Amino acid sequence: MEVHLNELARLRIEGHPKGVTSVCSAHPIVLRAALRHGRQQKSTVLIEATCNQVNHLGGYTGMTPSDFASLVMKIAAEEGCPEKLIVLGGDHLGPNPWCDRPAEEAMAEAETMVAAYVDAGFRKIHLDASMGCKGEPMALDDVTTARRAARLAAVAEASARARKTGGAMPVYVIGTEVPPPGGADHPLTTIEPTAAAAALKTIEVHRRIFAAADLGQAFGRAIGLVVQPGVEFGNHNVIVYDSSKMEALQSVLTEEPQFVFEAHSTDYQGAEPLSALVKDGFPILKVGPELTFVLREALYGLDAIASDLLPGYGQRPLYAAMEVLMLDQPGNWRRHYHGTEAEMRWLRHYSLSDRIRYYWASAEAQEAVWGLCEALRGQSVPLPLFWQHMPAAQHFAEAPLDPDEVLIWRVTKSLADYHAACGVGKNEQSGSR
């Protein structure tokens, strides 16, 4: 079922809440799985890129917003996913990638980035200027944050109106969550939900400042508020959603019926907590690291199968190649992983924050993945090897193997939990652990 973002609040008020899965990944296999699943289920496919991942300077993926949009649409065409089902979003759009610079310099880059996103056809824009820049506190007050968000909204509005290919005006999400996106770096015991008063203040301040900047129409298209629902994952563990703590926050949506909540870091929650989130006013469920985590899980399972099945393949060469790569280029994991050398070794590969995801686009990783897939392509894998290394994938046994289909299947298992939670179909491929 197709669900329009601007319908989410109305559906909640009418007592028929529906949700949308926000896929936050640039990995082509994850994108393919999401687009294929959307086509099969005839459901909205919301795909988002973050400011660090994709920006006008390339981000860590090397892609501009236009590059990312082109990649999504290319895969969509290959998968037969109708363009009308696809929504592109920009996540945490603000000065964060340049927060080591003075505020005005960082904001100038952020304005250019937002314009590039809107020009490329992104229509869901999360305005997040909450982080301090050089010489400022790490987290800014509501007034400063809202003023900077309004600056970015003005750019988005102007870019949308000037876009030669037309299209709908952007819808906006405001607010941010604590801790920052991507998971925590330490073991977690509990996460407190955002206080209702703080959420109401965020809305009130943004509404007032947008109105003063003659951006009332833009604020009227603000559909979501990012708050902390009390869910998070760290390197080692997951804090599961507790619906009993939501009464105060739910009252915010009663006072502000224009809005729904957007839930970040919902990875690894499983079907039941995700369903509870949607029912409680969090119909936008963002997921990213879980999808590349299960992709890595499948790759490593196939790596182990090939090691046991094929003479001359070697002992887990994909794992070995990724270990060499991460040790040679530690910038994406070293400050996030702590402990003994043995602990950091397993964290590099298996941490729930999945910082290995930053390495899959490298030439070395792509070569190793290609070698694995070509080694297994067309092979008939005995059932006991799947039982040993990937039990849930046993239906791929005893037939010519297409490794790409195994990878897409594993990502889709996780996406199916989100699809079921969003109320748009039965979870026929449950990925609950």
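This is a predicted model, so every value here is computed, not measured.

*Asks:* So what about the overall build of the chain? Which residues, and what values?
*Replies:* From N to C terminus, the chain includes 15 helices and 10 strands. The C-alpha atoms of the chain give 22 Å as radius of gyration, which agrees with the globular expectation for 433 residues (22 Å, within 12%). Counting only C-alpha atoms and orienting by the principal axes, one finds that the chain spans roughly 70 × 50 × 45 Å. Among the 433 residues that make up the chain, the fraction classed as buried is 55%. In the chain, 72% of the contacts between residues at least 6 apart in sequence involve partners at least 24 apart. Surface exposure of the chain reaches about 17,800 Å², of which carbon and sulfur atoms provide 54%. Averaging the locations of the 39 positively and 52 negatively charged side chains of the chain gives two centres separated by 3 Å.

*Asks:* Hey, could you go over the packing of helix H6 (residues 196–212) against helix H8 (residues 247–255) for me, with residue numbers and the actual values?
*Replies:* Where H6 meets H8, the axes come as close as 8 Å, and the angle between the chain directions of the two elements is 30 degrees. Taken together, H6 and H8 sit at an angle that is classed as roughly parallel. With respect to the hand of their crossing, H6 and H8 are arranged in right-handed fashion. Side by side, H6 and H8 meet where Ala-196, Ala-199, Leu-200 and Ile-203 of the first sit next to Ala-248, Leu-249, Ser-251, Val-252 and Glu-255 of the second. Broken down by class, the residue content of the contact of H6 with H8 amounts to seven nonpolar, one polar and one charged.

*Asks:* Break down unusual backbone geometry for me, citing the residues and quoting the values.
*Replies:* Phi at His-92 is positive, roughly 55 degrees, even though this residue is not glycine. The topology assignment puts His-92 in strand E3 (residues 86–93). With a relative accessible area of 5%, His-92 lands in the buried category. Here Arg-316, not a glycine, exhibits a phi torsion of approximately 50 degrees, which is positive. In this structure, Arg-316 sits in the loop between helix H10 (289–309) and helix H11 (317–328).

*Asks:* Please set out H11 residue by residue, giving values where relevant.
*Replies:* Here H11 contains 12 residues, and its C-alpha end-to-end distance of 16 Å stays within 8% of the 16 Å for a straight helix at 1.5 Å per residue. For H11, the full list of buried residues reads Leu-318, Tyr-319, Met-322, Glu-323, Leu-325 and Met-326. Looking straight down H11, one finds that the buried residues subtend no more than 165 degrees of arc, so they occupy a single side. Pointing more than 90 degrees away from the buried face of H11 are the exposed residues Val-324 and Asp-328. Where H11 is buried, its residues meet H10, helix H12 (341–350) and helix H13 (363–376).

*Asks:* Requested: an account of the pattern of salt bridges, with residues and values cited.
*Replies:* Pairs can form between side chains of opposite charge once their charged atoms are near each other. One pass over the structure, following the stated rule, counts 28 salt bridges. The residue Glu-48 makes a salt bridge to Lys-286 at a minimum N-O spacing of 2.7 Å. In this pair, Glu-48 is assigned in strand E2 (residues 45–50) and Lys-286 in strand E10 (residues 284–287), connecting sequence segments 238 residues apart. Salt-bridge contacts for Glu-136 lead to Arg-148; the nearest nitrogen and oxygen are separated by 2.6 Å.

*Asks:* Pulling in residues and values, what's your account of the sheet that holds strand E9 (residues 260–263)?
*Replies:* Sheet strands line up and pair through hydrogen bonds in the backbone, either parallel or antiparallel. Taken in spatial order, the eight strands close into a barrel running E1-E2-E3-E4-E5-E6-E9-E10, and their pairing is parallel. Each neighbouring strand pair of the sheet contributes to a mean axis angle of 25 degrees, computed without reference to strand direction. With three bridges joining them, strand E6 (residues 222–226) and E9 adopt parallel strand pairing. Each residue of the ladder has a partner; that of Val-226, found in E9, is Glu-262.

*Asks:* Could you give me a rundown of the packing of H11 against H13, with the residues and numbers involved?
*Replies:* Closest axis-to-axis distance for the H11/H13 pair is 9 Å, and the angle between their directions is 175 degrees. As judged from the angle between their axes, H11 and H13 are roughly antiparallel. From H11, Leu-318, Ala-321, Met-322 and Leu-325 reach across to H13, where they touch Glu-364, Ala-365, Ala-368, Val-369 and Leu-372.

Procedures and definitions
Residues numbered from 1 in each chain as written. Predicted model: local features only at pLDDT ≥ 70, side-chain atom pairs only at ≥ 80, totals over all residues. Heavy atoms only, no water. Helix = DSSP H or I, 4+ residues; strand = E, 2+ residues; numbered from the N terminus. Rg over C-alpha atoms; globule rule 2.2 N^0.38 Å. Buried < 20%, exposed > 50% of the residue type's maximum accessible area, 1.4 Å probe, protein only. Contact = heavy atoms within 4.5 Å. Areas by Shrake-Rupley, 256 points an atom, 1.4 Å probe, with all protein chains shown as cover. Lys, Arg positive; Asp, Glu negative; His and termini not counted. Charge placed at Lys NZ, Arg CZ, Asp CG, Glu CD. Axes fitted to C-alpha atoms, helices over the stretch in contact; angles between N-to-C directions. Parallel < 35°, antiparallel > 145°, perpendicular 65-115°, else oblique. Left-handed = near helix turned anticlockwise from the far one by under 90°. Nonpolar A, V, L, I, M, F, W, Y, C, P; charged D, E, K, R; others polar. Expected span 1.5 Å × (residues − 1). Arc of directions from axis to C-beta. Salt bridge = Lys/Arg side-chain N within 4 Å of Asp/Glu carboxyl O. Pairing = 2+ DSSP bridges.

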